[in-house]
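Each chain is listed here by its residues.
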Amino acid sequence: MRAKRVDIQGLRALAVILVVVYHLWPGRITGGYVGVDVFFVISGFLITAHLLSEVERTGTVSLSKFWARRVRRLLPAAFTVLGASLAAAFVFLPKSLFEQALFEIGASAIYLQNWVLAGDSVDYLAADNKPSIVQHYWSLSVEEQFYIVWPLLIVGTVWVAAKVRRDRASSSNRHLIAVALLVVFGLSLVFSIYETARSQSSAYFITPTRAWEFAVGGLLVFVTSTVASALVRRAVSWLGVAAIVGSAFLFDAGTQFPGALALVPVLGAALVIWAGESDSQWSTTHVFRFAPIQFFGDVSYAVYLWHWPMIVLFPFVFGADLTFRSRVVLLLVTILLAAATKYLIEDPVLRAPARVRGRAPAFVFLAAGTAILVGITAFTTLRIDGDRQQFTAELASAIEQGDGCLGASAMDLANACESPHAVTDALDAGFAAKDVYWNSGVAETAPCAKRATGAPMGSCERGDLTDPVLTIALIGDSHAEHLVDPLVTYAESHQWRVLPLTKSGCSGLETREAEQMSPSNAQEKKAQECIEWGESVRAEMAERTDVDVVAFSNRSKTKAVTATQAASEWQLIMSSGKTVVSIRDVPGMPVGVDAPECVETSQAREDPCSWKPGSEPDFMEEAARLSGAPLVDMTEFLCTDATCHAVTGDLVVYFDDNHLTYTFAQTLSPILGSKLQAAIEQH
C-alpha cells in the first residue's frame, strides 16, 4: 500500500476541523465551510494522479476497477451512517421533519443530495426547510459525481488523442489530458462566478460550479515543485495554509461563494500540495506530522460523516439546545464513532481477501446498499402519502360540512367550542408541515400552477368567469398566495371573479424610491425584480376596466416600503375608479420557530407554542389610514387578546413560522370573504 503523504493528511485534518468547528460554533469560524473546498482539491489531485499513472502504464483506464475501488473506499462508511441516520429518524425525529429526512436519505443513497438542496434553495419557501440529518451529504454527492465523470473525461481524452494522432504516446496523452483539465477549469470557474452572482444559494450546491476546484487539484499533477528551492516551498506551503485559515475566519454566510472568492481557499490548498513534504522543522509538514493531526487526517472522512447527524439529532434526543459543554461532548463522541468506523469498517474492507475485494462483490454491495436504503425510504414515503391523502379527504369533508369547531371557526364564540387551542388526537403536526398551498387548490392547477420559485403566479382567473357581480384582484407576496384559495372558495359561491397577481417576496408596492431604502445591497437584484413586477401590475390595474376591487396582502414586516409610498400608489389606483382594500398580515410565529415542529415537540397539551407578538409598525395598516382604504383584519381568528396561537380548532395554523397551512386557510374562507364584502360595501 502506497504511503500517505504527511502534508495531504494534514490538509485533510485542517479541512475537517474547520468544517466541524464551523458547524458546532458557527460564530467562531464563520467561513469554516471552505474546508469542503480543500477536500475537493485533494480529491482532484489524488484521483488525477492515479488515473494518469494508469494511463501511462496501460494506455487507458479500467473504469470498472476504478469505480469498484471507490465503492470499497467510500460506501461502507457512507452506508453505515445513512443507515444509522435512517434508524434515528424513525426513533427521534418529529413527523414534521421525518418526511424531509426520508427523501434526503434516499437522495443521498444515490448521491444526488446536492441537486435536491439546490432545488430547495431556489424555492422561496423550501429555503426555510430545517437542515436534515444528511444535509452534509451534498459534498459527498459532488465527489461521487466527480468520480463518475473524471475517469470518463480521461478515457475520452485518450481516445481522442489516439484518433487524432494515431498513437497512444504517453507524452501526447499527458498533454491532452492537461488541456482537457484546463478547459474544465476555465469553463467551470466562469460558470461558477456567473451562477453565484445569479443565484448564489443554488450555485453553492451544484456540481458544475465546483468542477473547477477538482480541476485545480488535477492540474497540480502536471506542475512540478522540484525546480523551486526548499525555502520557497516552505514559504509557499505556509502561504497556502494562511489562505485557507484566513478565508475560514474572514468569510461568512454573506460571502458570495463559491464564485471567484473560492479561489482563495482552493489555491491555498493547491499551494500546500504543490510545495510537498519537507524535513525542515520550520515547514508545515513538521507541524502536520504531529500525531493527533495525522489521526484527524486518517479519520477525517468518518468525522465528516458522523458529526452533522449528531448535531441535528441532539435537541430531539435530549430535549435541549446545544450548550458549550454538550458541543464538546458531541465532538468527542463524533471522534470515537469516527475511529470505530475507520478501524472496524473501513480498514477491514480495504484489507479483505482479494476475492472479497473484487469488482463483482463491490458492485453487488453498491446495488444492495442502495436498494435497501432507497427501498425503505420510498416505501415509508408512499405510506405517509397515502395516510395524508386520506386525512386530507377527511378534513375537506369536515370543511364542506361546516364543522363549527374546525380551524378558524373554533374562534367564533357563537360556536361554543371547548378548548379551541388544545392538542387532541385529531391534530397531525406531520400533516401540517406538508400542508402547503402550492400542492393544493389553485396553485396546483394550470394555468395558475406555481411552485413558489419566485416567479409570478401564472396568469389565471377563478370564480364566476361568465357573469360575475364583482371582480377582485389580489396582489402581493406569498402572504397573498396563501389567501388565494380561501378567497376563490368564497368567490365561487358569491358570483365573484378572482384575479391572483402574486410574486413571492414582492409586495407589488416597491418603487424606485423604495429601492433606495433597501436595507441590503445583497437584495438589489430581487428588489429590481419586485420594482419591475410591481410597476407592471399597478399599471395593469389602473388601465383595466373590468376590475372592481384591488386587494393587497403582504408579509409587511419584511418589506422596505413606507406607508406613505404605499398610500400614494393606492390612491393612483383609486383614481381610476377602483376600490383598494388592505388585508392586515397574519401575526405568524416568532421568527425561526417552525409551528408544526414546535407543536409536536412541545410538552404542553393546551395552547402549545402560543406567544405574544410585539407592537411592531405595519405599513399596510398605516397606508390604509393614510389613503382611506378599508382594512380587513382577521387577527381575532388568529389571536385571543394579545396571545397568538399555533393550534386552533384541531389544526396547526402555520406550516412554517409565517405561512398559513392550506387547510387552516380554507377555514378562513367565509371570514375573509365576509370581511371583504363588508369593507367593499362600507367604502
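All values reported here derive from a predicted model rather than from experimental measurement.

Digging into the pattern of salt bridges
Thinking step 1. Evaluated as defined, the whole model comprises 21 salt bridges.
Thinking step 2. With its nearest N and O atoms 3.8 Å apart, the salt bridge here joins Glu 54 to Arg 69. Highlighted residues: Glu 54 in helix H2 (residues 34-58) and Arg 69 in helix H3 (residues 63-92), separated in sequence by 15 residues.
Thinking step 3. One salt bridge in this structure joins Glu 346 and Arg 73, with 2.8 Å as the shortest N-O distance. On the criterion of sequence distance, the pair formed by Glu 346 in helix H13 (residues 324-350) and Arg 73 in helix H3 is long-range, its members being 273 residues apart.
Thinking step 4. On the basis of relative accessibility, which here comes to 26%, the residue Arg 73 falls in the partly exposed class.

Observations regarding the pairing of strand S3 (residues 496-502)
Thinking step 1. Judged by how many residues are buried, S3 sits mostly within the fold: 7 of 7 residues are covered.
Thinking step 2. Neither face of S3 is exposed, since Trp 496, Val 498, Pro 500 and Thr 502 on one face and Arg 497, Leu 499 and Leu 501 on the opposite face are all buried.
Thinking step 3. Bridge analysis of strand S1 (residues 462-463) against S3 gives 2 bridges, and the strand direction is antiparallel. Across the sheet, Gly 463 pairs through a bridge with Arg 497, a residue of S3.
Thinking step 4. Alignment of strand S2 (residues 470-476) against S3, held across 7 bridges, turns out to be parallel. Opposite Leu 470, over in S3, you have Trp 496 as the bridge partner.

Side note on the nonpolar core
Thinking step 1. Counting residues in each nonpolar core, the largest one holds 110 residues, and the members touching the most others are Leu 82, Ile 133, Tyr 137, Trp 138 and Trp 150.
Thinking step 2. Apart from the residues within four sequence positions on either side, Leu 82 is in contact with Ile 105, Ser 108, Ala 109, Val 134, Tyr 137 and Leu 373.
Thinking step 3. Ala 429, Phe 431, Trp 496 and Ile 680 belong to the second largest nonpolar core, which has 55 residues in total.

Brief notes about the packing of aromatic side chains
Thinking step 1. Enumeration according to the criterion identifies 27 aromatic pairs in this entry.
Thinking step 2. A ring pair is formed by Trp 138 and Phe 205, whose centres lie 5.5 Å apart and whose planes are at 85°; its orientation type is edge-to-face. Residue Trp 138 is found in helix H6 (residues 137-165), and its partner Phe 205 is found in the loop between helix H7 (170-203) and helix H8 (211-220); the two are separated by 67 residues along the sequence.
Thinking step 3. Taken together, the ring pairs in this structure connect Tyr 22, Tyr 33, Phe 40, Trp 138, Phe 146, Tyr 147, Trp 150, Tyr 204, Phe 205, Phe 214, Phe 251 and Phe 257 into an aromatic cluster.
Thinking step 4. Lying across the ring of Tyr 147, Arg 70 places its NZ or CZ 5.1 Å from the centre.
Thinking step 5. In this structure, Arg 210 is placed above the aromatic ring of Tyr 204, and the distance from its NZ or CZ to the ring centre is 4.6 Å.

Here we look at the side chain of His 421
Thinking step 1. Locating His 421 in the fold gives a position in the loop between helix H14 (359-400) and helix H15 (429-433).
Thinking step 2. Within the local environment of His 421, its side chain forms a polar contact with the backbone oxygen of Val 647, the two atoms lying 2.9 Å apart.
Thinking step 3. If sequence neighbours within four positions are ignored, His 421 has contacts with Met 411, Glu 606, Asp 607, Pro 608, Thr 640, His 645, Val 647 and Thr 648.

Examining the state of the cysteines
Thinking step 1. All chains considered together, the criterion is met by 4 disulfides.
Thinking step 2. Between the sulfur atoms of Cys 598 and its disulfide mate Cys 609 the distance is 2.0 Å. Around the S-S axis, the bridge from Cys 598 to Cys 609 shows a dihedral of about -110° and counts as left-handed. Here Cys 598 is found in helix H20 (residues 595-601), whereas its partner Cys 609 is found in the loop between H20 and helix H21 (619-627), with 11 residues between them in sequence.
Thinking step 3. A relative accessible area of 15% means that Cys 609 is categorised as buried.

So, how was this worked out
Residues numbered from 1 in each chain as written. Predicted model: local features only at pLDDT ≥ 70, side-chain atom pairs only at ≥ 80, totals over all residues. Heavy atoms only, no water. Salt bridge = Lys/Arg side-chain N within 4 Å of Asp/Glu carboxyl O. Helix = DSSP H or I, 4+ residues; strand = E, 2+ residues; numbered from the N terminus. Buried < 20%, exposed > 50% of the residue type's maximum accessible area, 1.4 Å probe, protein only. Pairing = 2+ DSSP bridges. Core = buried A, V, L, I, M, F, W, Y, C linked by side-chain atoms within 4.5 Å. Contact = heavy atoms within 4.5 Å. Phe/Tyr/Trp six-rings, centres within 6.5 Å; stacked < 30°, edge-to-face > 60°. Lys NZ or Arg CZ within 6 Å of the ring centre and 35° of its normal. Polar contact = N/O pair within 3.5 Å; in protein donor to acceptor, adjacent residues only side chain to side chain. Disulfide = S-S within 2.5 Å.

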